[in-house]
Amino acid sequence: MLRYPGWLLGYLWWLLKGCYAVARVFLVDARVLLGVAVKIPTVSFSASEQNTTALKEFDQLLRRVFPKIFSSSLVQHEMVGNYSHLLTVPGSEPDLEPYMLLAHIDVVPADEADGWDAPPFSAQELNGFIYGRGTIDNKQSVMGILQALEYLLEQGYTPRRSFYIGLGHDEEISGPQGAVNIVKLLKSRGVKLLYVLDEGLTIMDGVVDGLIGPGALIGVSEKGQATVKLSVSTPPGHSSMPPRESSIGILASAVTRLEKNRMPNLFGHGPERATFEHLAHKFGWPYRMVMSNLWLFSSLVLEGQPDTNAFVRTTTAVTMFNSGVKINVMPAYAEAFVNFRIHSSQTLQEVLKLIKSTISDERVKVEFVSGFDPLPISSYDEDTFGYQIIKKTVHDIFPEVTVSPGICVGNTDSRHYTELSPDIYRFAPSWYKPGDSARFHGVNERISIQNYEEIVLFYFQLMQNSDIRNLPGPRT
Ligand SMILES: N[C@@H](Cc1ccccc1)C(=O)O
Ligand SMILES: CCCCCC(=O)O
Ligand SMILES: [Zn+2]
Ligand SMILES: [Zn+2]
């Protein structure tokens, strides 16, 4: 038999062990770890009601499945606001400005009766997907970030550039105890951040008509938000002698006026202009011809779908409508809540004025509940470290994807971090395909096992890519 030299057998054994380690971490652990995380129902029901038992259980899970992180003498772990986590990974070169990765543990409610193909907290695998609330919002990032760090620690990795990991427990109720207290703690320590990466936009594939190939949109800003409460009071009475209009009817008309009179098309007046300038070369004919007229392009191509219309204007979402006590009693009171996501070129005050002028009915009381202006626009030019290192990492893992700046249409915990960093980005490399908009906060939220593994690799690579002193020079 041909004899192999000893050194070759040794090398092959080492290679085999390495491949097994990667396979173990990314093939077996990946689906198992995300699955166990999704099964814990860390639901934020309202600003005053959270499943704190599940949040405690989630804390125990993290300590169990990431032993390297929690036993490491390098990584400092702190609980903040009772159920949020702040991890500090000190670098060997303290003069390098640190960065921060954010994700959130909590999820919105989910009811299987709404039409789920698998129970929303089962993490059941169907056709290569893991189904469950939180799989794309945002446990894929929580577990992806930690699994990447765990794996780096297993390899004896120590960073040169320090970094933080912030895992909020109340992002879905806008982060009052989690992110707000993490920021307070970091501010008290004088921390400034080179960049922050939070959840947000995705890799959009096949959802923008005319866009050839997948595009990763890095959120360089996020829309503002306004929530208003509309209410109508009328005298109660017997339903056998009803007035011309009930409180429900008056309120319904007001709500209909808001829905029918959409906010103005402002496409091209915000960061979305840069999005489509960066992507213009990836549009086929005749879209490229139309793109020279951004208003026409937005009207013909983007306004038709809820997810792309969100790039065009301030959006109007009637989310709650309550009234009536009994079928034979005229309702004394009707109320509705409307949630607006404000385009970058409008202000909260402008939107509130528009709301009142659109309703224009003295019988409808309009109360401001909460809101904030659109966020500042982070830089994304050639020498901006954060944006370029995220872009590079996307290309490392997804070479076929075009990267462009974008406007995050939802809101994230990162809005609390504006005093710690000028460069805040909202992006996670989840694939976003036709129909997926209905899965966010909706039914059949899911992630493919392959995509989750890519997400682990993305953070694994990002931590290493961020470990350089300066951006590599321009490609010669
Ligand atoms: N991310 C959620 C919850 C949220 C609301 C408001 C501010 C921040 C976060 C949303 O966009 O609706
Ligand atoms: C659209 C991405 C941001 C959504 C933030 C959230 O609902 O948690
Ligand atoms: Zn959410
Ligand atoms: Zn989220």
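Under the annotation held in an unreviewed UniProt entry, the protein carries the name Probable carboxypeptidase PM20D1.1 and is attributed to Sinocyclocheilus grahami.

Draft legend 1. Fine view of the site of ligand 1. In the vicinity of ligand 1, the contacting residues are Glu-171, Glu-172, Ser-174, Gln-225, Arg-341, Gly-410, Asn-411 and Arg-415. At 2.7 Å from an oxygen atom of ligand 1 is found a side-chain nitrogen or oxygen belonging to Arg-341. One nitrogen or oxygen atom from the main chain of Asn-411 is found 2.6 Å from a nitrogen atom belonging to ligand 1. When the free accessible area of ligand 1 is taken as 310 Å², the share hidden by the protein chains comes to 86%.

Draft legend 2. Quick look at the coordination of the zinc ion (ligand 4). Protein coordination at the zinc ion (ligand 4): the donors are His-104 (NE2), Asp-137 (OD), Glu-199 (OE) and Glu-199 (OE), at 1.9 to 2.6 Å from the metal. Along the chain, the residues donating to the zinc ion (ligand 4) fall in the pattern H-x32-D-x61-E. Metal-to-metal, the separation of the zinc ion (ligand 4) and the zinc ion (ligand 3) is 3.4 Å; Asp-137 coordinates the two. Placement of His-104 in strand 5 (residues 99–104) and of Glu-199 in strand 9 (residues 196–204) is noted, with a sequence separation of 95 residues between them. Of the residues examined, His-104 reaches a relative accessible area of 0% and is grouped as buried.

Draft legend 3. The arrangement of the site of ligand 2 in detail. Near ligand 2 the following residues occur: His-104, Asp-137, Glu-171, Glu-172, Glu-199, Gly-200, Gly-410, Asn-411 and His-441. Glu-171 is positioned with one of its side-chain polar atoms (N or O) 2.9 Å from an oxygen atom of ligand 2. In this structure, Glu-199 approaches ligand 2 through a side-chain N or O atom, which is 3.3 Å from an oxygen atom. The fraction of the free accessible surface of ligand 2 (280 Å²) that becomes covered by protein chains is 86%. Along the lines of polarity and charge, the residues of the shell around ligand 2 split into no nonpolar, five polar and four charged.

Draft legend 4. Spotlight on the sheet that holds strand 7 (residues 129–131). Reading across the sheet, the three strands line up as 6-7-19 and stay open at both edges, with antiparallel pairing between neighbours. Two strands in the sheet have a free side with no partner beyond their single neighbour: strand 6 (125–126) and strand 19 (446–448). As defined by bridge partners, strand 7 adjoins strand 19 across three bridges and the pair is classed as antiparallel. Bridging from a neighbouring strand, Tyr-131 pairs with Arg-446 of strand 19. Contacts between helix 13 (residues 449–465) and the sheet are confined to strand 6, strand 7 and strand 19, with strand 19 contributing the most and set at about 75° to the helix.

Rules used in this analysis
Residues numbered from 1 in each chain as written. Chains lettered and ligands numbered in written order. Predicted model: local features only at pLDDT ≥ 70, side-chain atom pairs only at ≥ 80, totals over all residues. Heavy atoms only, no water. Near = heavy atom within 4 Å. Polar contact = N/O pair within 3.5 Å; in protein donor to acceptor, adjacent residues only side chain to side chain. Areas by Shrake-Rupley, 256 points an atom, 1.4 Å probe, with all protein chains shown as cover. Donors = N, O, S within 2.8 Å, 3.2 Å for Na, K, Ca; no water. Helix = DSSP H or I, 4+ residues; strand = E, 2+ residues; numbered from the N terminus. Buried < 20%, exposed > 50% of the residue type's maximum accessible area, 1.4 Å probe, protein only. Nonpolar A, V, L, I, M, F, W, Y, C, P; charged D, E, K, R; others polar. Pairing = 2+ DSSP bridges. Contact = heavy atoms within 4.5 Å. Axes fitted to C-alpha atoms, helices over the stretch in contact; angles between N-to-C directions.

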